[in-house]
Amino acid sequence: MSYRALPLTCFCGEVPDRILEVGFTSDHSMVVHFWCSACSRVLFVSKPLSECQAECPEAGEEETRLETAEDTRFLESMGIAAE
Ligand SMILES: [Zn+2]
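I will try to describe carefully the structure that is included in this document. (Residues numbered from 1 in each chain as written. Predicted model: local features only at pLDDT ≥ 70, side-chain atom pairs only at ≥ 80, totals over all residues.)

1. Details of the environment of E21
Then, in step 1: Its place among the elements puts E21 in strand β1 (residues 18-24).
Then, in step 2: In this structure E21 comes out as exposed when scored by C-beta crowding, with 10 C-beta atoms within 10 Å.
Then, in step 3: Between the C-alpha atoms of E21 and F44, which are 23 residues apart in sequence, the distance is 9.3 Å. (Helix = DSSP H or I, 4+ residues; strand = E, 2+ residues; numbered from the N terminus. Buried ≥ 20, exposed ≤ 12 C-beta atoms within 10 Å, placed from the backbone.)

Listed below in C-alpha cells is the structure:
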C-alpha cells in the first residue's frame, strides 16, 4: 500500500516532532493537533475529508511509495501483513 504523507509545519517553519491527537469534526473535517518544540506550543491543522480523499494517491503510484523493506519487516513483526 502506498501513501502520501500529510505535510505538517509550524508557523515558525519547524516540522513538529510530536503529534498529540488526530480527530474528526461534526462538519466532516480531519483535525491534527501537534506540538512544536521550537515554539513550545500546540498547533492544529484541519482539512475537509473531501480534500483528504482528493489527495489520496492512485493505487500503484510509485512516486509516493514510501514503504521500504524495513517498513515491511516492521509491520510483519507487529502481525500486519503487507499487501
Ligand atoms: Zn514552531
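2. Description of the sheet that holds β1
Then, in step 1: An order of β1-β2-β3 is seen for the three strands of this open sheet, with the pairing classed as antiparallel. Every interior strand has two partners, whereas the edge strands, β1 and β3 (41-48), have only one. Each adjacent strand pair in this sheet contributes to an overall mean axis angle of 20 degrees, direction not counted. (Pairing = 2+ DSSP bridges. Axes fitted to C-alpha atoms, helices over the stretch in contact; angles between N-to-C directions.)

3. A look at the environment of L43
Then, in step 1: You can see L43 is positioned in strand β3.
Then, in step 2: Expressed as a C-alpha distance, the spacing of L43 and F11, which sit 32 residues apart in the sequence, is 9.0 Å.
Then, in step 3: For L43, the residues in contact, after removing those within four places along its chain, are C10, F34 and C36. (Contact = placed C-beta atoms within 7 Å.)

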